[in-house]
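Each chain is listed here by its residues.
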Number of protein chains: 2
Amino acid sequence: MKVVVPNSNLPRVLIIGGGFGGLAVANALRNKPFQVVLIDRHNYHTFQPLLYQVATGGLEADSIAFPIRKIFNTHDNIVFRVANVTGIDPEGKRVETDLGALTYDYLVLATGSTTNFFGMKDVEEYACGMKTVVESLDLRHLILQNFEDAHQDLDPLERDQLTNFVVVGGGPTGVETAGALAELKRNVLPHDYPELDLRQMEIHLIEAGDRLLAGMSDKSSEEAKDTLERLGVNLMLNTQVTGYDGKTVTTNKSAKGIVAATVIWAAGIKGVVPDGIEDTSIGRGNRLQVDEFNRVKGYEDVFAIGDVASMSTEAYPNGHPQVAPAAMQMGERVGRNIIRLVKGAPLKPFEYFDKGSMATIGRNRAVVDFRKIHMKGWIAWVTWMFVHLLFLIGFRNRAVVFVNWVWSYFTYDKGVRLIIRPYKRKVELDHLDPVATP
Amino acid sequence: MKVVVPNSNLPRVLIIGGGFGGLAVANALRNKPFQVVLIDRHNYHTFQPLLYQVATGGLEADSIAFPIRKIFNTHDNIVFRVANVTGIDPEGKRVETDLGALTYDYLVLATGSTTNFFGMKDVEEYACGMKTVVESLDLRHLILQNFEDAHQDLDPLERDQLTNFVVVGGGPTGVETAGALAELKRNVLPHDYPELDLRQMEIHLIEAGDRLLAGMSDKSSEEAKDTLERLGVNLMLNTQVTGYDGKTVTTNKSAKGIVAATVIWAAGIKGVVPDGIEDTSIGRGNRLQVDEFNRVKGYEDVFAIGDVASMSTEAYPNGHPQVAPAAMQMGERVGRNIIRLVKGAPLKPFEYFDKGSMATIGRNRAVVDFRKIHMKGWIAWVTWMFVHLLFLIGFRNRAVVFVNWVWSYFTYDKGVRLIIRPYKRKVELDHLDPVATP
């Protein structure tokens, strides 16, 4: 069985993944003499930096997802398919998908990353990742369902399980999620749930290292720590999670553990490498080792970009940061290099332009590091919002996100508190009567 | 097991259903000497008149759903629970739910209506209703998945199954849905799917009666017919669907039938009556027969309002129209009458104020009937939008819907073309390889 694509005599560039990197490759090859085939398992691009706002009821999922067909729909040389890649045959220059097989002349792996549970099977089973729209919606539904369930006739321990939240990982995602939960606790939940004593609600943030936002400046780490503590988040630095059974998180610091039915795992990611690539090409963090042209080690015509790629350079011996700007820059470089390759021109090595990093911590607070410049407080928060709006794709999405943010700013509200598809807890709590899925 | 609610010595009014009617009852009893318990199976109110825009990618679901807790969160006498009612014991004045039992002093059934398949089991199995947010999202996902699937290696008949759509029912929902599909065909799909020949896409609207919008004026019916035909919708009046196997719709006019993998059933509704109410109280359309005070026949302290209630009057011998204004007016009346009941004052009979009716038919076109006044065209369309924005709950929702409509107006686009949770067809088409759910 073959994936049906239009006949073409042009060389075919097959791109797997419609994230920031994959879209940049396709964009660089727009209206160039190639047949570009872009494959993604979804029909939309996900703006991952805002998934935590979907999970915490601040934004509708539809405003941070953008239909991929709409991006390219006037560009005749770009073919898009929704498909799951099941394997790669680099010898035969073929990719296998659930729609059939497809050959390529050049392959670009822009498959991104998934949550890394570091081999802890119980954590993987019971904790929630937040890397896709569906995971974020499930998490939103679970958070809200917890508070609904907490009205039942429970003993205090069970109620604690429902109203305690543990966020694992002190990077931007963990910090932003803990901040958003703290805002929910302060400004939203007490109005929605007058029958519950929300002073009992605990938000824990666990980080294995000795500071938050390890990739950022010391000033930013300090600011994040101070702000989260002021918001009432219980920080646990130098603490490693050792297990989770759906009810209690254990750590290397406490055998008794923390009671919580909801654990949000933002402690690490690993590259998504399709079957068929040699193990010898895979390095640390399950990332594909690439040369300065993003060619995967051991292959001539297979490129990897973004989170799944690791290019060892002097400044970044373990690969570049797994962030959107790196993926976009690699994608553009690879697109242009493929054009050079066909022309017989020498390839240009990838050069990373560091756009700095930022994280928001609840309302009115953020930290921004750009080279030697450090910003914090309200001005950093406005910068954070502006940059995120800028990188969202599509005017409609920007406008809807903007409406939500303006609304939240003036009302202290988070409007999307909807349980549309109830999420089934994997462990049922002892005395809880689950509400049936409608 | 009991539903836990705060202790109270006040008489308890139990309202089942958080639609337009149920909310109106609760609103009338705000800060009055009652304990009001409102139960819904969802944690949100659904603005049903715009569900068809969710199904056709014009609006995000989150903008037409509103968290019920947010409506009442400052009102201490109103308790809300997400629960499914499993039965009623009018003798014991008790309602059974999946969270346990709850007694009442006064019960208000505001349970609304569900799709009526008129006993056709195969149609119920394979056609799509559009009465809930989840059904509308499933339909959106199916519509888009059809076009993705149509790229596979299929024979022409199978491709027709995927790109043909049958809407059954010529009331406002059917007319609006057919119009929205026609707009998709004209303005959106040809850009998204350049590899498909969308001239082949057929939209059929089947109506058993001899005109569209039977509840409206002849002028409106004519206008709807003309507009839909101009948009390329194939109208079949005086035609009854006799069966559907997931691939072909059969009618009393054609044994061969219409090939279509997607049938949207908007041909009728029936009241949702909880178990435990005597059959003798149930009338035509599964509606509860009520007296002029909305008391259910045979019960003293059980009221029914909205779609599930049928009050026979001179003007409406078979009950009032099953529309939002009727439900809201009944709800307010019942709320006030319960207050009078406790005071020992005589009840006031329900009087219906007919707010007219309207339907939109694609872009720039609508029909509005209000008493002797009839409007059509652009001015009716603007009126339609204005009225719908007005009745949406919440500023954020209004703003998001407004952004979407303005966006669509200027771009001819429908932005929410996302397949977030692929919908599994109940019948697999012969040569189709289903994309695995991620």
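Keep in mind the model is a prediction, meaning the values are calculated, not measured.

Student: Help me get a handle on the overall build of chain A, residues and values and all.
Tutor: Counting its secondary structure elements, chain A contains eleven helices and 24 strands. In terms of overall size, chain A behaves like a compact globule, its C-alpha atoms giving a radius of gyration of 23 Å where 438 residues would be expected to give roughly 22 Å. For the C-alpha atoms alone, the extent of chain A along its principal axes is close to 70 × 50 × 45 Å. For chain A, the proportion of its 438 residues judged to be buried stands at 60%. A separation threshold of at least 6 residues defines the contact pool for chain A, and within that pool the share at least 24 residues apart is 64%. Element-wise, carbon and sulfur atoms account for 52% of the exposed surface of chain A, whose accessible area totals about 17700 Å².

Student: A description of the environment of leucine 198 of chain B should follow, citing residues and the corresponding values.
Tutor: Assignment of secondary structure puts leucine 198 of chain B in the loop between helix 7 (172–192) and strand 12 (202–206). Judged by its relative accessible area of 9%, leucine 198 of chain B is buried.

Student: Can you lay out the relation of the copies chain A and chain B for me, pointing to particular residues and giving the numbers?
Tutor: Superposing chain A onto chain B takes a rotation of 180° plus a shift of 0.0 Å along the axis, which leaves an RMSD of 0.0 Å. On this basis, the relationship between the two copies can be described by a two-fold rotation axis. Identified as the residue of chain A closest to the rotation axis by C-alpha distance is valine 400 of chain A, at 2.9 Å. Mapped onto chain B, 100% of the interface residues of chain A are again interface residues, and the two copies thus contact each other with one and the same surface.

Student: Please give an account of the environment of asparagine 146 of chain A that cites residues and values.
Tutor: Residues and elements named next belong to chain A. By the element assignment, asparagine 146 lies in helix 5 (residues 133–149). Given a relative accessible area of 0%, asparagine 146 falls into the buried group. The contact partners of asparagine 146, leaving out residues within four places of it in the chain, are Leu162, Phe165, Thr262 and Arg425. One polar contact links asparagine 146 to threonine 262, side chain to side chain, over a distance of 2.6 Å.

Student: Which residues make up the confidence of the model for chain A, and what are the values?
Tutor: Confidence in the prediction of chain A, expressed as mean pLDDT, is 94, and 98% of residues score 70 or more. The complex model carries a pTM of 0.95, and its ipTM stands at 0.93.

Student: Describe the pattern of salt bridges, with residues and values.
Tutor: For the coordinates displayed, the defined rule picks out 36 salt bridges over all chains. Here aspartate 413 of chain B and lysine 70 of chain A are joined by a salt bridge, their closest N and O atoms 3.2 Å apart. Taken together, the positions of aspartate 413 of chain B in the segment after helix 11 (395–411) and lysine 70 of chain A in helix 3 (residues 68–72) put the pair across two chains. The class of aspartate 413 of chain B is buried, set by a relative accessible area of 7%. Given the relative accessible area of 23%, lysine 70 of chain A is considered partly exposed. Residues aspartate 218 of chain B and arginine 211 of chain B are paired through a salt bridge, measuring 3.4 Å at the closest nitrogen-oxygen approach. For arginine 211 of chain B, a relative accessible area of 25% gives the class partly exposed. Beyond isolated ion pairs, a larger network of salt bridges with shared partners links Lys70 of chain A together with Asp192, Asp413 and Arg417 of chain B.

Student: Give me the packing of helix 7 (residues 172–192) of chain A against helix 8 (residues 218–230) of chain A: which residues, what numbers.
Tutor: If you want to describe how two helices pack, look at the angle between their axes and the distance between the axes. All names here are of chain A. In contact at an axis separation of 10 Å, helix 7 and helix 8 are set at 25° when each is read in the N-to-C sense. In terms of axis orientation, helix 7 runs roughly parallel to helix 8. When you trace helix 7 past helix 8, the crossing you get is left-handed. Residues Val175, Ala178, Gly179 and Arg186 of helix 7 pack against Ala224, Leu228 and Arg230 of helix 8.

Student: Any details on the sheet that holds strand 23 (residues 366–370) of chain B? Residues and values, ideally.
Tutor: All names here are of chain B. An order of 22-23-24 is seen for the three strands of this open sheet, with the pairing classed as antiparallel. The sheet terminates laterally at strand 22 (357–360) and strand 24 (373–376), the two strands that pair on one side only. Strand after strand, the sheet turns through a mean of 5° between neighbouring axes, direction not considered. Taken together, the four bridges between strand 22 and strand 23 define a ladder with antiparallel strand orientation. Considered in strand 23, the bridge of threonine 360 is made with alanine 366.

Student: So, the interface of chain A and chain B: which residues are in play, and what are the values?
Tutor: Counting residues at the interface gives 55 residues for chain A and 56 residues for chain B. In total, about 5400 Å² of surface goes out of reach between chain A and chain B, with carbon and sulfur atoms giving 57% of it. The three residues of chain A that bury the most area against chain B are Arg69, Arg396 and Arg421 of chain A, which together make up 14% of that side's buried surface. Our count for the contact surface shared by chain A and chain B stands at twelve salt bridges. The partner of arginine 396 of chain B in a salt bridge is glutamate 60 of chain A, and the shortest N-O contact between them spans 3.0 Å. Inspection of the region where chain A meets chain B yields 20 residue pairs in polar contact (both at pLDDT 80 or more). Among the elements of the structure, strand 4 (65–67), helix 3, strand 5 (78–82), helix 5, helix 7 and helix 11 (395–411) of chain A are those that each provide at least two residues to the side of chain A that touches chain B. Looking at which element gives the most residues to the side of chain A that touches chain B, the answer is helix 5 of chain A, with eight residues. Classifying every residue of the side of chain A that touches chain B by side-chain character gives 28 nonpolar, ten polar and 17 charged.

What counts, and where the lines are drawn
The residue numbers shown here count from 1 along each chain, following its written sequence. To label them, take the chains in the order written and letter them from A, then take the ligands in the order written and number them from 1. Under the rules for a predicted model, residues below a pLDDT of 70 receive no local features and side-chain atom pairs below 80 are neither given nor counted, while totals for whole chains, interfaces and linings still include all residues. Think of the side-chain values as coming from all heavy atoms in the structure, minus any hydrogens and water. Secondary structure is summarised from DSSP: a helix means a run of H or I of at least four residues, a strand means a run of E of at least two, and numbering begins at the N terminus for each. It is over C-alpha atoms that the radius of gyration is taken, and the globule rule equals 2.2 Å times the number of residues to the power 0.38. Note on exposure labels: buried denotes an accessible area under 20% of the residue type's maximum, exposed denotes more than 50%, and partly exposed covers the range between, all computed with a 1.4 Å probe on protein chains only. A contact between two residues is defined here by any heavy atoms of the two lying within 4.5 Å. All accessibility values rest on the Shrake-Rupley procedure with a 1.4 Å probe; residue burial counts only the protein chains present in the view. Least-squares fitting of one copy onto the other uses the C-alpha atoms of those residues that reach a pLDDT of at least 70 in both copies. In protein, a polar contact means a hydrogen-donor-capable atom and an acceptor-capable atom, both N or O and within 3.5 Å, with residues adjacent in sequence counting only if both atoms are side-chain atoms; elsewhere, any N or O pair within 3.5 Å suffices. Per-residue confidence from the predictor is reported as pLDDT, a score between 0 and 100. Salt bridges are counted wherever a side-chain nitrogen of Lys or Arg sits within 4 Å of a carboxyl oxygen of Asp or Glu. In this analysis an axis means a line fitted to C-alpha atoms, helices contributing only their contacting stretch, and an angle means the value between N-to-C directions, from 0 to 180 degrees. Oblique is the label for any angle not covered by the other classes, which are roughly parallel (under 35 degrees), roughly antiparallel (over 145) and roughly perpendicular (65 to 115). Here is the rule for handedness: rotate from the far helix to the near one, and if that takes an anticlockwise turn smaller than a right angle the crossing is left-handed, while a clockwise turn gives right-handed. Pairing between strands is defined by DSSP: at least two bridges between the two strands are required. Once two parts are brought into contact, the accessible area they lose, counted with a 1.4 Å probe and summed over both, makes up the buried area. The classification used treats Ala, Val, Leu, Ile, Met, Phe, Trp, Tyr, Cys and Pro as nonpolar, Asp, Glu, Lys and Arg as charged, and all other residues, Gly among them, as polar.

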